Amino acid sequence: MSTSSMRRTKMDSQKSIETAMNNVYTGRRRSLIEDARMASIDLSTLPSPTEDDVFHEFQENTNEESAKEKLLNASVTFALTNGCQSTSLANTLKIFEDSGVNLLHIESRPSKSNDGGREFYIKCEAKQNTYKNLLASLKDVANDVAFHDESRHRLKSKGIWIPRQLADLDKCTHLTTTYEPDLDSDHPGFSDREYRERRKNITKIAFDYKHGDKIPKVAYTEDELKTWSIVYRSLKELYPTYACSQHNRVFKMLEENGLYREDEIPQLEDLSNFLKQKTGFQLRPAAGLLTARDFLASLAFRVFQCTQYIRHASAPMHTPEPDCCHELMGHVPMLADPEFAQFSQEIGLASLGVSDEDITKLATLYWFSIEFGLCKQNGEIKAYGAGLLSAFGELQYALSDKPEHRPFEPSTTAVQEYQDDSYQPVYFVAESFEDAKQRMRRFASQLERPFEVCYNPFNQTVEPLDTKEKVHEKMNNIKAEMNTLCLALKKL
């Protein structure tokens, strides 16, 4: 499932504050990767809070002296009036030091309120009564100063909703309108009324689908089969040279099993059954681009939301959005590989219950790995990202000497700028799927959420480990499995 840019919406001040303070599982009309720039709420756009807004806990506390001594975790965002010069930043940070504020994390990012500008995000810790003076001093030297009380955020986030069973994914189907042929004049099918009507009929399958249903078949037209044939034949010629060994192995298997053919578009129900046997993944029909949170949540259950319509016949080698060529040529073969399937699911599990800002980072990691990732194999660099494996031109470009290749490191990859309407200037190279998985686990462990989650493969549910009893139960299960493994080793 590839992603695209989305339009930013404005909210009134009170609604913005409430949304920022409550980490709820909302169904936003957003694309999966609008990602590093717009997928999360921008705290710097919120109005400067009043003293009553920010410090109400302090005022409600009956023991004023005790409240003053209490340490408070908070985040502050601001933009420098003199740009992003090192002297300006040093002077601003000196205000934190002089105010007795401990800095826990500092990062800079493109400003969303000032094109070409930069803003700074700082996580810090200090006594409650310190922040009043800090904010007042910052406003003298910086713009767009905003304050966010992290402790209040954590308390309210206890009530967030996450999907816990497969049937809950019926609620995780929110779409972004970006690149819909009816709405986007740049879409190849914008002026083709027949194509738009055909798309509407096919996507109705996804809108009507509920967990437990068989995925209805699509009777593809002669023109649609012709488009598939052109794409299939062109990409298949490139795979031996450019695709990773896992993709080539499964692609050959799909052909040998009669599931993949040049003259026939595979049906999702057949491929879903194939994936269940290989890695436990299954397919679910999608009507188009899903929001980041909904799409990633599905991966946590080893469910891949997959489109059934095909790109416009006028542009068989290009699509501005996911279509069945992208899903079936790029994603499905990779999801049949056990290591890659585990890597995909762990990104999904990491997304459950985290903030919008962390969803942004995970979606960006998804973009640069599962969509456009490269890996080392036998001394060569190969493609494993579905966005590359389904794109005739970019697959060759990504493995040429034209773009920059960097090592895959989640902490830096998660904030990398990217292109969603042209070839990437930068691609990230993993040493192996196992190495990428370990790095992703370390990154996910640093994300803030009020609980950890555990996937139960027996009943295909996700359970928050939010009590000691649940943790102890999980530990006992692991001990039993470890005992079985130890006995097996003794018998080898």
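Note that the structure is predicted; figures quoted are calculated from it, not measured.

## Focus on the overall build of the chain
Step number 1: The number of helices and strands found in the chain is 21 helices and twelve strands.
Step number 2: Sequence-distant contacts, at least 24 apart, represent 71% of the contacts inside the chain between residues at least 6 apart.
Step number 3: As displayed, the chain has an accessible area near 23100 Å², and 48% of this comes from carbon and sulfur atoms.

## Quick notes on a nonpolar patch on the surface
Step number 1: A cluster of nonpolar side chains, I478, M482 and L485, forms an exposed patch at the surface whose accessible area comes to about 290 Å².
Step number 2: When you line up the elements, L485 lands in helix 21 (residues 468-490).

## Here we look at the pairing of strand 10 (residues 426-430)
Step number 1: Among the five residues of strand 10, five are classified as buried, and the element is accordingly described as predominantly covered.
Step number 2: Where burial is concerned, the two faces of strand 10 agree: the one with V426, F428 and A430 and the one with Y427 and V429 are both buried.
Step number 3: Looking at chain direction, strand 7 (residues 374-377) and strand 10 are connected through two bridges and run parallel. Paired with C375 across the bridge in strand 10 is A430.
Step number 4: Across four bridges, the pairing between strand 9 (residues 404-407) and strand 10 is parallel.

## A word on the side chain of T291
Step number 1: Following the sequence through the fold, T291 ends up in the loop between strand 5 (282-285) and helix 13 (292-300).
Step number 2: A polar contact is formed between the side chain of T291 and the backbone nitrogen of D294, at a distance of 3.3 Å.

## Thoughts on the packing of helix 11 (residues 245-256) against helix 14 (residues 324-335)
Pairs of packed helices are described in terms of their axes, by the angle between the two and the distance that separates them.
Step number 1: For the pair helix 11 and helix 14, the least separation of the axes is 8 Å and the interaxial angle reads 100°. By the angle between their directions, the pair helix 11 and helix 14 is classed as roughly perpendicular. Contact residues: helix 11 offers Q246, H247, V250, F251 and L254, while helix 14 offers M329, G330, P333 and M334.
Step number 2: Of the residues that constitute the contact of helix 11 with helix 14, the class distribution is six nonpolar, three polar and no charged.

## Comments concerning the packing of aromatic side chains
Step number 1: On inspection of all chains with the given rule, the structure shows 17 aromatic pairs.
Step number 2: Judged by centre distance (5.6 Å) and plane angle (35°), the rings of Y232 and F251 are tilted. Residue Y232 is found in helix 10 (residues 222-242), and its partner F251 is found in helix 11; the two are separated by 19 residues along the sequence.
Step number 3: Relative to F372, the ring of W367 lies with its centre 4.9 Å away and its plane at 45°, an arrangement referred to as tilted.
Step number 4: Accessibility expressed as a relative area gives 7% for F372, which makes it buried.
Step number 5: Over the ring of Y309 we find R199; its NZ or CZ atom is 3.6 Å from the centre of that ring.

## Description of the sheet that holds strand 9
Step number 1: With respect to topology, four strands assemble into an open sheet ordered 8-7-10-9, the strand pairing being mixed. Of all strands in the sheet, those with a lone pairing partner are strand 8 (380-383) and strand 9, marking the two edges. Mean inter-strand twist for the sheet, computed between neighbouring axes without regard to direction, equals 40°.
Step number 2: Of the pairings in the sheet, the one linking strand 7 to strand 8 comprises four bridges and is antiparallel in character. Within strand 8, the position partnered with K376 by the bridge is I381.

## Section: the confidence of the model for the chain
Step number 1: Averaged over every residue, the pLDDT of the chain is 82; the share at 70 or more is 78%.
Step number 2: Low pLDDT, under 50, characterises residues 1-62; the stretch is placed with 175 contacts to residues that sit more than four places away or in other chains.
Step number 3: Confidence drops under a pLDDT of 50 for residues 152-157, and excluding neighbours within four residues, the segment shows 14 contacts in the predicted structure.

## Structural notes on the nonpolar core
Step number 1: One finds F304 and L328 to be the most contacted residues of the largest nonpolar core, which totals 84 residues.
Step number 2: No other element matches helix 16 (residues 356-371), which puts eight residues into this core.
Step number 3: If you look at the next biggest cluster of nonpolar residues, it comprises 19 residues, including F78, I95, I122 and C124.

## A short note on the environment of D323
Step number 1: Mapping D323 onto the fold places it in the loop between strand 6 (303-306) and helix 14.
Step number 2: Look at D323 and you get buried, because its relative accessible area is 0%.
Step number 3: The sequence separation of D323 and R311 amounts to twelve residues, and the corresponding C-alpha distance is 6.1 Å.
Step number 4: Side-chain polar atoms of D323 contact the side chain of R311, separated by 2.8 Å.

Cut-offs applied
- Sequence order as written defines the numbering, with residues in each chain counted from 1.
- Whole-chain, interface and lining totals are the exception, using all residues; otherwise, since this is a predicted model, local features are given only for residues with pLDDT of at least 70 and side-chain atom pairs are given and counted only at 80 or more.
- Water and hydrogen atoms were dropped before computing side-chain values, which therefore reflect all heavy atoms in the structure.
- A run of H or I in DSSP counts as a helix once it spans at least four residues, and a run of E counts as a strand once it spans at least two, with each numbered from the N terminus.
- Contacts are residue-level and defined by heavy atoms, with any inter-residue pair within 4.5 Å sufficient.
- Working definition of accessibility: Shrake-Rupley area with a 1.4 Å probe, residue cover restricted to the visible protein chains.
- Patch membership requires over 30% relative accessible area and the absence of a salt bridge. Like charges are linked within 9 Å, and nonpolar side chains (Val, Leu, Ile, Met, Phe, Trp, Tyr) within 5 Å.
- In the sections that follow, a salt bridge refers to a side-chain nitrogen of Lys or Arg positioned within 4 Å of a carboxyl oxygen of Asp or Glu.
- The rule is simple: take the accessible area with a 1.4 Å probe, protein chains only, and divide by the maximum for that residue type; under 20% is buried, over 50% is exposed, in between is partly exposed.
- One bridge is not enough; two strands pair if DSSP finds at least two bridges between them.
- Any pair of N or O atoms that falls within 3.5 Å is considered a polar contact. Within protein, one atom must be able to donate a hydrogen and the other to accept it, and sequence-neighbouring residues count only if both atoms are side-chain atoms.
- For helices, the fitted axis covers only the stretch in contact; all axes are lines through C-alpha atoms, and the angles between them, taken along N-to-C directions, range from 0 to 180 degrees.
- Angles are sorted into four bins: roughly parallel if under 35 degrees, roughly antiparallel if over 145, roughly perpendicular if 65 to 115, and oblique for all others.
- Each residue gets one label: Ala, Val, Leu, Ile, Met, Phe, Trp, Tyr, Cys and Pro are nonpolar, Asp, Glu, Lys and Arg are charged, and the others, such as Gly, are polar.
- The aromatic pairing rule takes the rings of Phe, Tyr and Trp, using the six-membered ring of Trp, and pairs them if the centres are within 6.5 Å, calling planes under 30 degrees apart stacked, those over 60 edge-to-face and the rest tilted.
- Only when the NZ atom of a Lys or the CZ atom of an Arg is both within 6 Å of the ring centre and within 35 degrees of the ring normal do we say a charge sits over the ring.
- Per residue, pLDDT captures the predictor's confidence, and it can take any value from 0 to 100.
- As used here, the term nonpolar core means buried Ala, Val, Leu, Ile, Met, Phe, Trp, Tyr and Cys residues forming a set that is joined through side-chain atoms within 4.5 Å.

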